[in-house]
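Topology and contacts: notes
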Amino acid sequence: MSPSLPDHQNGIIAHCVSVTVNGVHYSVPNTYSEVSLNDFLRHHLHLTGTKVTCREGGCGVCTVHVSLPDPAQTGHFLQRSLNSCLCPILSCDGWQITTVEGIGHQGQSHPIQQALTDHYATQCGYCTPGWIMNMYSLLRKEKGKRLTTQQIEDNFDGNFCRCTGYRPILDAFKTFSRDEESGLGICDVEDADKSYCKKSGKSCVKVCTSWPSAFIPHVSDLPPEAQLLAPAWHKPTSLAQLYRHAEQKAGKNVYYVVGHTGKGLFDDGPYDAYVDLKGIAQLYTVTKTDTLLSVGANTSLTDLIDIFERQAAAPGFAYLNSLVSLIGKTAHVAVRNVGSWAGNLAMKNRHKDFSSDIFVAFTTANAKLLLGPDNQLCSMEGFLTLELRGKVILQVELPAYSDDFAFRLYKVMPRATNAYAYCQGGFRALVDKQTAGKVIMMVTPALVFANIAPTFVHAEETENYLTGQDIADPQTLATALDILNHELQPSQDLAQSSALYRRSLAVSLFYKFILQLVGDLADIRLRSAVGAIVRPLSSGTQSFETKAENWPVTKALPKLESLVQCTGEAKFISDIEEERMLHAAFALSTEGSATIAGIDTTVASKFPGVIRIVTASEIPGRNSLQIGTGIEEMLASEKCLYAGQPVALVIAVSSNIAEEAAKLVVIHYADVKSPILTCEEAIGANSFFDLGLKDLLVGDAESSMDSAQVVVEGQFHMGAQQHFHTETMVTVSYPTEDGLDVQAGTQFVDNTQAVIAQACGLSKNQVNVSVRRNGGGFGAKEDRINFVAAASAVGAYLLRRPVKMHLSLWDNFKIMGRRPPYYVKYRAATDGEGKLAAVILEIYLDAGCTLMHGNERILSGLPVFLNNVYNVPAWKITRFACKTNTPANTFFRGPMSTEAVYMMEYIMEHIAHHLHKSPIDIRQLNFLKEGDTVLMGTKVTGCGVQPVLDQLLQSADYQSRVEAIQRFNKAHRWRKRGIAIVPMRFPVHFYPGDVLHWNGGFTCMMAVYHGDASIAVTHGGIELGQGINTKIVQVVARELGVSMDLVRVKPTNTMTSANARATLASLTSELTCLAAIECCKQLNDRLRPVKEAHPKGNWESTVEQAYKDGLDLSARAWYNPRSKREVYSTYCAMCSEVEVDILTGQYQIARLDCLYDCGESISPYIDIGQVEGAIVMGLGYFTSEEIVYDAQNGQNMTAGTLRYKPPFAKDIPVDFRVSLLKNAPNPSGVLRSKLVQEPPLCATSSVVFALAQAIQAARDEGNADRSWWQKDIPMTVEKVQRYCQTDISQMLVRTGSDKATCAFTLLHSALPHR
Ligand SMILES: Cc1cc2nc3c(=O)[nH]c(=O)nc-3n(C[C@H](O)[C@H](O)[C@H](O)COP(=O)(O)OP(=O)(O)OC[C@H]3O[C@@H](n4cnc5c(N)ncnc54)[C@H](O)[C@@H]3O)c2cc1C
Ligand code: FES
Ligand code: FES
């Protein structure tokens, strides 16, 4: 043992680190060791332009730019983007940090901020600063270089946007490239780095003072309780210091901090100490000889890629390029920028089931690791099993290989970027092709697989078998596949894909590699297996029409709030931060079905900084989130109905403390049962809610089945979808002298006001709820917000202090209901041609644990959409609401319509398959015609389905693409393409309250101010990103005949918008515009006499005169629709083309064309944004977003970004074309427009049917029979591969007479699907 040394000799930071943020220096005390850079910016500096969502590096909303001294001590500064949520502030010693506030503000915006605004690329705007800073960082990094469009697109593999559909963001950023052909504002990289002055059009010279910056930093202290909890932070500057420290801390849990990104994957805390390794220059060294490349442990993945790319030019190291191909798919740019390879491997050592890309890459290369303090050299396999505690990884040594060696590394993921692998395969081999027709495996190959089982690395039996064999011999391949198939024994892991899939994938990857080695000795069709689908650069087109005579209505304009969203000045409720504010978190149940025997808060309440813990009995008012008789508990009192249900409310001095303490609340359970988690389990257990819904009967559907020439029958599942709004549920409540002032992230202020009043035992007039904007909502914030709103209000009411509750994404996922899953059984009768005679549906909706109004309304509203575009003479619809142990499900963009359209389209596909006809012909044969009656009794008028389809068939060049796809599929055995069209009709009702329990109305209040004649508007709708405020301003400006600049929209609140309706169902923008038009009418009527008396006056003088005349310059309108009839329908047709890698299930949406009928769009770019956003959200629902529950206790295994996979920028259609129907004024709509927010989502199932077609082409080649097969959604990569029914007996090198004769033993039956 070394004698104890003074702190500074041990590398302990004595006092503080020095950080520069936007040019201002700060000293941060060493007690801030648990404070992230994100917390520091948002909570301590109040720089809330940098947002926060996931806190695990998975969404990119928190991205900032840093300029840091090269830790390798080269004297240079490195330019990097990083995720501030994962970066400890103490890690930033000497760094210069730039946030979105640091590059521009609305008076003087940065070109990047302006580009996003000009490209209409923001909706809710919560993700926007993260995108901007990632782009900014790229420009800084590549300063003085030519930036290509491809580089720009590749840079955005880690930023999430739930609203826009990504296309406009990518388009905006591509204007900074040098190869952009559009000529749109091409910006010089160097110039872009300087702030432009909007006034002069020149670079900012920092003298302009006309726009006061909103960001004068104010530094808040860390609460003393949090300082108490902080582990020590050490920063050794040499290995010797590090080793001394390691010796002293032997046996302790020490975090060796490099990028600290590991925190995003595993929480192995609490830690006894943090040791920042970045001060040790030796850990950054790179050395190279002719035979060995050594790279220091601290090297970031970004630098590792650069080093490998450079060294690949040297003899013996060309293979590093294949390693780059895998490491380039690890995490995403901002994580790779700071995350080290050694940190990655250290996590693999600790968590054997971590599917580390680095481990696969280095093992395939047969690298060795040098470990300190003993300078022990160990193999990758040896590293996996050694005890790393007390040791330090120092460097990796990569050997040289002759250029004759073949390398290939594969990673198969659930989406294109930023995802863990389903499985990785790393292959190295040396083959001899001297003898004609033979490919001899010269030395033992390396066949490395990850994600099979925790310690499985090499397929040794297969490696040994292959040594010396001729792999071009079909029999050799057959035997090798058989051995491999037996050798791979995947573990079962709920959070992973199924064991069966992972094994099948591993075998497929091996087969791909063998075909690569065999080269042209393999059949050309089979060689389509080699490699992976390469995604070209994406592009998009948008077309629409505008009518200049109606401007600003129909004019394509950026969102009004776009610029302040881009500069970070747009304030969200989650940005509110004040001294003395308390923070709340829920303690959640961990059992899905149990009785609460007791709640022990003893330990939690002693946690430093905890102020109070509230349980159900302490709620001052009624413990229910439902108004009226229904009960849905805010805090569970007796029963746990699902895992993740709030049981106690912890209120503390900081949100971190509240969350930590919440984990310490102990819930004692009794009567624990296996949870019911699916519709089928609910059917088995007879677990239903009684909705009293009668069967819907039209004609005699049962008799039609008996007499029909053709009956198709089947069943399918539709999955759930998490809303994943980037601003998670948030509310801030302030006690007032007579009640509460509440800022709630709600879509329904009236309901939130009522629930809060009820929970606190107050009357509604004591509760003032207001909201300016939400960072997305998509239906969840209609009433699911009330968990958080009521909890924050109860906290503030009880403690007489402001209480903020901003849910973590993990809790948001666990607590809140989702788009409900469905299980559907169907029968459809047709004549011999496929014309429908009847449809019978049994629809099971998983309502979750509580019957809320949402579910009731979904099931009663769903039949409105069931026809879609088809005429069905007879119906029988039976509906069930299954009661399960999952959160109460709720509305999600396009509720009812999305699912109903899929149900009907599924049936059309089945009929076409059965009759061997083209799906598009069967669809057209059944199209609704003028005067037909739909299920709910409405007669169809103004039917637009055929013209919309005809136009799309032509513009999408459908027929010739069908033929091209047939040719492609014939030429390729292992790649298949498919194309499908889904037409859609969305009947629009202005739903009076009594139909769907949406009472209340759409309000608008307007004030015109004398003096400058400016206009303020407030309305009952909520700005969620859908652009309602912009449309209102366009309409008001048009109706009053004024410039849009004169009109401002104010936040919504329960005083000015009392009894307002929920912002839901795509209607609010339209109906609120009607209320605004009514306000304008009132004002115009009042001003008319003034105008007549002063005909030469303008708006300003008229207003001034009216003021002098004593006229009321305010107006208020209330729009409450009374009609129950369908007001109009909107139409859409969508054509999707996909390409599938049959062996892996990975696919790419090559092209998507959407033609949408928006009437005369009020605001074309806002509406196109809605179409694109809805499509990409639909892609997530139909393909990649899957929720998995633990069957034992019902816990959500996919809560967070690591396992839940909505589409990212590289998942969108490569060629993305959106058109708004032209010459289509809607006489029944608001200013001849049609609504848009939800309907396009419904047609996105075209992707599923395109995939199904590609899969069918693969099945047709295999052994599968040609009968109809069940297509469940989401159609994940895993499902696609499974549906292809690829079998190792089909994995040949040559087709025809020399097929393999080996009798395969498939183990499929022994391995259950998840
Ligand atoms: C959103 C996200 C997505 C990701 N996706 C992938 C993926 O697809 N594939 C994949 O392989 N990885 C993935 N990762 C993991 C990522 O590669 C690692 O987080 C990163 O490489 C870790 O490096 P770090 O420097 O940040 O480690 P840190 O977080 O600083 O450290 C991680 C661990 O390593 C230990 N450690 C660090 N250096 C040493 C050393 N020299 N000797 C001994 N122990 C040490 C630390 O004590 C700590 O326990 C992802 C991570 C995130 C956050
Ligand atoms: S909040 Fe940091 S990446 Fe999501
Ligand atoms: S605009 Fe991207 S998440 Fe809303």
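Residues numbered from 1 in each chain as written. Chains lettered and ligands numbered in written order. Predicted model: local features only at pLDDT ≥ 70, side-chain atom pairs only at ≥ 80, totals over all residues. Heavy atoms only, no water.

**A look at the pairing of strand 2 (residues 24-29)**
Basically, it comes down to this: Any two strands are treated as partners once DSSP identifies two or more bridges connecting them. Helix numbering and strand numbering both begin at the N terminus, where a helix is a DSSP run of H or I of at least 4 residues and a strand a DSSP run of E of at least 2.
Two strands pair when backbone bridges link them, and strand 1 (residues 16-21) and strand 2 are joined in this way by six bridges, in the antiparallel orientation. Each bridged residue has a counterpart across the sheet, and for serine 18 the counterpart in strand 2 is serine 27.

**Details of the packing of aromatic side chains**
Going by this rule: Stacked, tilted and edge-to-face are the three classes applied to pairs of Phe, Tyr and Trp rings, where Trp contributes its six-membered ring and a pair requires centres within 6.5 Å; stacked means planes under 30 degrees apart, edge-to-face means over 60, and tilted covers the rest. Burial classification: accessible surface area is computed with a 1.4 Å probe over protein chains only, and a residue below 20% of its type maximum counts as buried, one above 50% as exposed, and the rest as partly exposed. Our definition puts a charge over a ring when NZ of Lys or CZ of Arg is within 6 Å of the ring centre and also within 35 degrees of the ring normal.
Tallied over the entire structure, the rule returns 46 aromatic pairs. An angle of 90° between the planes, with centres 5.5 Å apart, marks the rings of tyrosine 906 and tryptophan 1268 as edge-to-face. Remark: tryptophan 1268 occurs in the loop between helix 37 (1246-1261) and helix 38 (1277-1283) and tyrosine 906 occurs in helix 27 (residues 897-915); sequence separation between them is 362 residues. Between tryptophan 1269 and tyrosine 1283 the ring centres are 5.0 Å apart and the planes differ by 45°, which places this aromatic pair in the tilted class. Pair noted here: tryptophan 1269 is in the loop between helix 37 and helix 38 and tyrosine 1283 is in helix 38, with a separation of 14 residues, a long-range link. Across the pair, tyrosine 1283 and tryptophan 1269 agree in class, each one buried. In this structure an aromatic cluster arises from ring pairing among Phe716, Tyr826, Tyr902, Tyr906, Tyr1181, Phe1182, Phe1249 and Trp1268. Looking at arginine 973, its charged tip hangs above the ring of tryptophan 974, at a distance of 4.0 Å from the centre.

**Examining the site of ligand 1**
Quick reminder of the rule: We call a residue near a molecule or strand whenever a single non-hydrogen atom of that residue lies within 4 Å of it. We define a polar contact as two N or O atoms separated by no more than 3.5 Å, with the added condition that, inside protein, one atom must be a possible hydrogen donor and the other a possible acceptor, whereas residues neighbouring each other in sequence contribute only through side-chain atom pairs. Only the protein chains shown count as cover for residues, and the accessible areas themselves come from Shrake-Rupley with a 1.4 Å probe.
Looking at ligand 1, there are 35 residues lining it, with Tyr255, Thr261, Gly262, Ser340 and Asp357 nearest. Contact distances for ligand 1 include 2.7 Å between an oxygen atom and a side-chain N or O atom of serine 340. Protein coverage of the free-state accessible area of ligand 1, which is 980 Å², stands at 97%. Listing elements by their share of the shell around ligand 1, those giving two or more residues are strand 7 (254-257), helix 11 (333-338), helix 12 (341-350) and strand 13 (392-399). A total of five residues in the shell around ligand 1 trace back to one element, the largest contributor, which is helix 12.

**Considerations on helix 29 (residues 945-955)**
In an α-helix, one turn spans 3.6 residues; hence positions three or four apart end up facing the same way. Definition in use: In this description, the arc belongs to the directions extending from the helix axis to the C-beta atoms.
Every buried residue of helix 29 is listed here: Val945, Val948, Leu949 and Leu952. One side of helix 29 carries all its buried residues, which in axial view fall inside an arc of 95°. The positive-phi residue at the C-terminal boundary of helix 29 is aspartate 957, with phi of around 55°.

**Considerations on helix 30 (residues 958-971)**
The criterion, for reference: Here, expected helix span is obtained from the residue count minus one, scaled by 1.5 Å.
Compared with the 20 Å implied by 1.5 Å per residue over 14 residues, the 20 Å span of helix 30 between its first and last C-alpha is a close match. Buried within helix 30 are the following residues: Tyr958, Arg961, Val962, Ile965, Phe968 and Asn969. Here the buried residues of helix 30 occupy an arc of 125° about the axis, which is enough to place them on one side. Away from its buried face by more than 90 degrees, helix 30 exposes Arg967 and Lys970.

**Thoughts on the side chain of aspartate 811**
Put simply, the test is: Only four residue types enter the charge count, namely Lys and Arg as positive and Asp and Glu as negative; His and the chain termini do not. Salt-bridge detection follows one rule: a side-chain nitrogen of Lys or Arg within 4 Å of a carboxyl oxygen of Asp or Glu. Contact between two residues is taken to exist if any of their heavy atoms lie within 4.5 Å; hydrogens are not considered.
You can see aspartate 811 is positioned in helix 25 (residues 809-815). An unpaired buried charge is present at aspartate 811: no salt bridge exists, and lysine 814, the closest side chain of opposite charge, is 4.4 Å distant. What aspartate 811 contacts, discounting residues up to four positions off in sequence, is Phe586, Leu588 and Met816.

**Focus on the side chain of histidine 806**
Mapped onto the elements of the fold, histidine 806 is located in strand 31 (residues 803-806). Note on histidine 806: relative accessible area 18%, which makes it buried. Engagement of the side chain of histidine 806 in a polar contact is seen with the side chain of threonine 728, the distance being 3.0 Å. Setting aside anything within four residues of it in sequence, one finds histidine 806 in contact with Val52, Tyr126, Ser574, Thr728, Met729 and Val730.

**Topic: the sheet that holds strand 40 (residues 1114-1119)**
Rules: Between N-to-C directions, angles span 0 to 180 degrees; the directions come from axes that are lines fitted to C-alpha atoms, helices contributing only their stretch in contact.
The four strands are arranged 38-37-36-40 in an open sheet whose pairing can be described as mixed. Only two strands of the sheet have a single partner each, and these edge strands are strand 38 (1047-1049) and strand 40. The sheet shows a mean angle of 20° between the axes of neighbouring strands, direction not considered. Summarising the sheet, strand 37 (residues 1015-1019) and strand 38 pair through three bridges and their orientation is parallel. Counterpart to isoleucine 1015 in the pairing with strand 38 is valine 1047. Lying on the sheet, helix 32 (residues 1028-1040) is in contact with strand 36 (1002-1008), strand 37 and strand 38; it crosses strand 37 at an angle near 130°.

**Quick notes on the UniProt feature "binding site: substrate" (unreviewed entry) in the protein chain**
To keep things clear, this is the line we draw: UniProt positions are given in the numbering used here, feature names are shortened, and annotations may be inferred rather than shown by experiment.
The feature "binding site: substrate" (unreviewed entry), as given by UniProt, occupies Glu782 in the numbering adopted here. Mapped onto the fold, glutamate 782 is located in the loop between strand 30 (767-771) and helix 24 (786-799).

**What to know about the pattern of salt bridges**
Summed over all chains, the structure comprises 49 salt bridges. Across the salt bridge formed by aspartate 171 and arginine 167, the nearest N and O atoms sit 2.8 Å from each other. Residue aspartate 171 and its partner arginine 167 are located together in helix 5 (residues 167-174), separated by four residues, close to a single helical turn. A salt bridge links glutamate 1139 to arginine 977; its shortest N-O distance comes to 2.9 Å.

**Considerations on the nonpolar core**
Heads up, the condition is: Among buried residues, those of type Ala, Val, Leu, Ile, Met, Phe, Trp, Tyr and Cys that are joined through side-chain atoms within 4.5 Å constitute a nonpolar core.
Residues Met135, Phe449, Phe510, Tyr511, Leu841 and Leu866 are the most contacted members of the largest nonpolar core, which totals 219 residues. Top contributing element to this core by residue count: helix 17 (residues 499-518), with twelve residues. Ignoring any residue separated from it by four or fewer positions in sequence, one finds phenylalanine 510 in contact with Phe427, Leu447, Phe449, Thr462, Leu466, Leu477, Ala480, Leu481 and Leu484. Phe40, Ile89, Ile651 and Ala790 belong to the second largest nonpolar core, which has 101 residues in total.

**Observations concerning the UniProt feature "binding site: [2Fe-2S] cluster 2" (unreviewed entry) in the protein chain**
In the numbering adopted here, UniProt assigns the feature "binding site: [2Fe-2S] cluster 2" (unreviewed entry) to Cys124, Cys127, Cys161 and Cys163. For the annotated residues, spread through 40 residues, the largest C-alpha to C-alpha distance comes to 9.4 Å, consistent with a single compact locus. Tracing the backbone through its elements, the reader meets cysteine 127 in the loop between helix 2 (111-118) and helix 3 (128-141). Its relative accessible area of 6% is what places cysteine 127 among the buried residues.

**Quick look at the environment of proline 1089**
Position of proline 1089 relative to the elements: it lies in helix 33 (residues 1068-1093). Relative accessible area serves as the criterion here: at 47%, proline 1089 is assigned to the partly exposed category. A C-alpha to C-alpha distance of 68 Å links proline 1089 and glutamine 227, two positions 862 residues apart in sequence.

**Some thoughts on the sheet that holds strand 5 (residues 96-98)**
Strand pairing in a sheet takes place through backbone hydrogen bonds and is either antiparallel or parallel in direction. In spatial order, the strands read 2-1-5-3-4; together these five strands make up an open sheet with mixed pairing. The sheet terminates laterally at strand 2 and strand 4 (77-83), the two strands that pair on one side only. For this sheet, the mean angle separating the axes of adjacent strands, direction not counted, is 30°. In the packing of helix 3 onto the sheet, contacts are made with strand 3 (63-69), strand 4 and strand 5, and the angle to strand 3 comes to roughly 30°.

**Digging into unusual backbone geometry**
Residue glycine 269 is joined to proline 270 through a cis peptide bond whose omega torsion reads 0°. Looking at where proline 270 falls in the secondary structure, it is placed in the loop between strand 7 and strand 8 (273-276). Its identity as a non-glycine residue notwithstanding, asparagine 1223 has a phi of 50°, on the positive side. The exposure class assigned to asparagine 1223 is exposed, which follows from its relative accessible area of 63%.

**Focus: the packing of helix 23 (residues 749-760) against helix 24**
Let me state the cut-off plainly: An angle counts as roughly parallel when it lies under 35 degrees, as roughly antiparallel when it exceeds 145, as roughly perpendicular when it falls between 65 and 115, and as oblique in every other case. Should the near helix be turned counterclockwise from the far one by less than a right angle, the crossing is left-handed, whereas a clockwise turn marks it as right-handed. When residues are sorted by character, Ala, Val, Leu, Ile, Met, Phe, Trp, Tyr, Cys and Pro go into the nonpolar class, Asp, Glu, Lys and Arg into the charged class, and all the rest, Gly among them, into the polar class.
Orientation of helix 23 relative to helix 24, taken along the N-to-C sense of each, is 45°, at an axis distance of 9 Å. By the angle class used here, helix 23 and helix 24 are oblique. In terms of crossing hand, the pair formed by helix 23 and helix 24 is right-handed. Here helix 23 contributes Asn751, Thr752, Val755, Ile756, Ala759 and Cys760 to the contact with helix 24, which in turn contributes Asn786, Ala789, Ala790, Ala793, Val794 and Tyr797. Residue composition of the contact of helix 23 with helix 24, by class: nine nonpolar, three polar and no charged.

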